[in-house]
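Here is what each chain is made of, one letter per residue.
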Amino acid sequence: MTGVKRKKNSVVWRKINSFHCADIKQWCLRRLPILEWAPCYNLKENLIPDTVSGIMLAVQQVTQGLAFAILSSVHPVFGLYGSLFPAIIYAIFGMGRHVATGTFALTSLISANAVERLVPQASQNFTTYSNSGVLGLSDFEMQRIGVAAAVSFLGGIIQIAMFVLQLGSATFLLTEPVISAMTTGAATHVVTSQVKYLLGMKMPYISGPLGFFYIYAYVFENIKSVQLEALLLSLLSIVVLVLVKELNEQFKRKIKVVLPVDLVLIIAASFACYCANMEYTYGLDVVGHIPDGIPSPRAPPMNILSEVVTEAFGVALVGYVASLALAQGSAKKFKYSVDDNQEFLAHGLSNVIPSFFFCIPSAAAMGRTAGLYSTGSKTQVACLISCILVLIVIYAVGPLLYWLPMCVLASIIVVGLKGMLIQFRDLKKYWNVDKIDWSIWVSTYIFTICFAANVGLLFGVVCTIAVVIVRFPRAKTLSLKNMKELEYKVKTEVEGCESSPIEGMNTDFLMKENLQQVKIITINNPLVFLNAKKFHADLMNTIQKDNANNQSPDDINKHEQNMLLNLTSNGTCNGETPQPYPNEKYSVILDCTGLTFFDYTGVSTLVQACTDCRNQNVDFLLANCTASLKKAVQYCGHLESDKHIFFESVSAAIGAIHLNKNLSKFSDHSEV
């Protein structure tokens, strides 16, 4: 028995030893992206732009933190905490280098439903004078942040569970029209929630189905209670913000540092409110007392988790979808990759850990991410620098924000949502590319404003799946393979032949003519969001593989054997044998005969494939395209002024390749 035990122990020991340090290092690099980019951080090139971006981001984090905390029905100071801790966690675990995580309007709106339901405003009368001992805040305020923290905690747990289940691969169901419509509808909700501050009205909390319309009905019914001073200050703030930001955008190439108009407006409005005593003279609502410091961590109330499940799922899904779209957009813009599953982990931890520090649910915001773009941010160091400045505000500057008018804060939030609201312009794009995508956008937007962001998102996904299920059986083929490859070796005719279109070329030059490799790829399935990513990956892998093979000696010998067989059967004009030329330019012809239908995602992928091929010095041609596909590609990819890539047939495309090659050879020979 002892021998058997020793044998088993030795096997276990060998398995333990087989887990090398390299495996641990690889796992850490995959799960802690900061370990990958931080050691190679270039201080000389990146520190200055990251510092400038961090300063500008801190201004946005502070203003949005205060506003979104109020939007979430909690004390403004908790918004500052929500601008600090999630950004630190995401910088460690997130892969988006230009993604600014923090408080988010959509998740704040969702969590406000739970806060107002479980701790309604009517209960404040019983807790106002009871001090909790935390930052001098009342028990009423602590109960409210407890509910918001519970939503954040459970939402983060759901995201981590999705990471464990590897559900990041299911994100292909979240198409661009659905995400665009959902975020636009949610932004409309946020603007609506700020109307009472913009107009200076006292309004009860209104939510639930059709709450969007009930809010405006209440406003029109009580239009006489609009505070003129708040309205004028709101209009002035919006005009200044829009005007200065447009000027910053127009002259950003000529000026090194853009004007932080948000910060200037906050200082000017707070100073004017303090000097004119607007809180008491005109009755303007102000932010009020903001305690300094950070309280000791405390676990969210676990006894109410079962009551906030609906809001937690909304926070998990809506926050992740909006954040992933920004991460993928930045990755595409700056040429790096983002792991969908890793983003689940990063945002899950960014919600779970900060919930112990009295934080509201977090996610990435379009306005902050766009700010990082415009200020030239390079890495997540910009977000870490902004966290240092937010920490200074929490400990030193926070009490000075007492006099900030709520209408000015609401104006900053509304103008900051411009990037989401202008997505209405996408409707023209979807109408020209695919009218079904246009219909999905409109219906998803309507469901979002009538119900909620999570309901609109679910409706959009269900509609998209239903449309594909209905459209796929109408395709000409049901093959599971996305592409069918046919490789042709086309022999170029020697220019000395009588049929040669080019005259005046000497025999020595003509003997150097060779075969040009042309790969013809036939699409047998529709190109939609379901298979667009795999189509692009397979196409790029095929091109890279064949380019590598073209350089090998075996491939050159194969060329020679094929040519000899060809010449034996057909003969040549001058009795000369063309020599193989391994460095010949590669060409891809995409036969679109089987492309029976497509959507916006598919056309975008097709345009991206064309761009990627040309970046690799590969000619990319489209054959047998329908008129609707030509129009969609030209509209989506702006290829009207580009060189000719559409051909009526595969043979016409091959003929054009050979003609261009002969002209190029003749031109090079003439120059010599």
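Residues numbered from 1 in each chain as written. Predicted model: local features only at pLDDT ≥ 70, side-chain atom pairs only at ≥ 80, totals over all residues. Heavy atoms only, no water.

Trainee: It is not clear to me how the nonpolar core should be interpreted in this structure. Could you clarify?
Mentor: Nonpolar side chains tend toward joint burial in soluble globular proteins. Judged by nonpolar contacts, the single largest core of 111 residues is most densely connected at Leu66, Phe78, Tyr81, Ile145, Val190 and Leu409. Tallying contributions element by element places helix 9 (residues 139-164) first for this core, with 12 residues. If we skip the residues at most four places from it in the chain, Leu66 touches Pro76, Leu80, Ile290, Leu401, Leu404 and Leu409. Formed by 38 residues, the second largest nonpolar core is a distinct cluster that contains Trp441, Met540, Leu590 and Leu622. (Core = buried A, V, L, I, M, F, W, Y, C linked by side-chain atoms within 4.5 Å. Buried < 20%, exposed > 50% of the residue type's maximum accessible area, 1.4 Å probe, protein only. Helix = DSSP H or I, 4+ residues; strand = E, 2+ residues; numbered from the N terminus. Contact = heavy atoms within 4.5 Å.)

Trainee: Hey, could you run me through the pairing of strand 5 (residues 586-591) in this one?
Mentor: Consecutive residues of a regular strand have side chains that alternate between opposite faces of the sheet. With 6 of its 6 residues buried, strand 5 lies for the most part within the structure. Judged by which residues are buried, strand 5 turns out to be covered on both faces: Tyr586, Val588 and Leu590 on one side and Ser587, Ile589 and Asp591 on the other are all buried. Both strand 5 and strand 6 (residues 618-623) contribute to a ladder of 6 bridges, which runs parallel. Within strand 6, the position partnered with Ser587 by the bridge is Asp619. The parallel pair strand 5 and strand 6, bridged by helix 28 (residues 600-615), forms a crossover whose chirality is right-handed. (Pairing = 2+ DSSP bridges. Right-handed = clockwise from strand over helix to strand, strands pointing away.)

Trainee: Honestly, the layout of surface pockets in this entry has me stumped. Any pointers?
Mentor: By rolling a water-sized probe across the atoms, one finds the places where empty space is left. There is about 1,500 Å³ of room inside the second largest pocket. Around the second largest pocket, the lining comprises 49 residues; the ones closest to its centre are Ile70, Ser73, Glu116, Lys196 and Tyr205. Considering every element that reaches the lining of the second largest pocket, the biggest residue donor is helix 7 (residues 105-118), with 5 residues. (1 Å grid on protein atoms, 1.4 Å probe; cavity = no way out; pocket = protein on both sides within 12 Å on 5 of 7 lines; lining within 4 Å. Points joined across faces, edges and corners; volume = space filled by probe spheres on them.)

Trainee: I'm lost on helix 9 in this one. Help?
Mentor: Each full turn of the α-helix corresponds to 3.6 residues, which orients residues three or four apart in the same direction. Between its first and last C-alpha, helix 9 extends 37 Å over 26 residues, near the 38 Å set by a 1.5 Å rise per residue. Summarising burial for helix 9: 20 of the 26 residues are buried, a large majority. The positive-phi residue at the C-terminal boundary of helix 9 is Gln166, with phi of around 55 degrees. (Expected span 1.5 Å × (residues − 1).)

Trainee: Looking at this structure, I do not really get empty space enclosed by the protein. What am I missing?
Mentor: Per the counting criterion, the structure on display carries 2 cavities of 30 Å³ or more. Space inside the second largest cavity adds up to approximately 70 Å³. Elements that contribute at least two residues to the lining of the second largest cavity include exactly helix 23 (435-450) and helix 24 (453-471). With 4 residues, the top contributor of residues to the lining of the second largest cavity is helix 24.

Trainee: What should I look at first to understand the pattern of salt bridges in this one?
Mentor: Side chains that differ in sign of charge can pair as their charged atoms come close. In total, this model carries 9 salt bridges according to the counting rule given. A salt bridge links Arg117 to Glu311; its shortest N-O distance comes to 2.6 Å. Remark: Glu311 occurs in helix 16 (residues 309-334) and Arg117 occurs in helix 7; sequence separation between them is 194 residues. Residues Glu246 and Lys418 are paired through a salt bridge, measuring 2.2 Å at the closest nitrogen-oxygen approach. Taken together, the positions of Glu246 in helix 13 (residues 228-250) and Lys418 in helix 21 (residues 418-421) put the pair 172 residues apart, joining distant regions of the chain. Judged by relative accessible area, which is 40%, Lys418 ranks as partly exposed. A single network of salt bridges, built from pairs that share partners, joins Glu176, Asp426 and Lys429. (Salt bridge = Lys/Arg side-chain N within 4 Å of Asp/Glu carboxyl O.)

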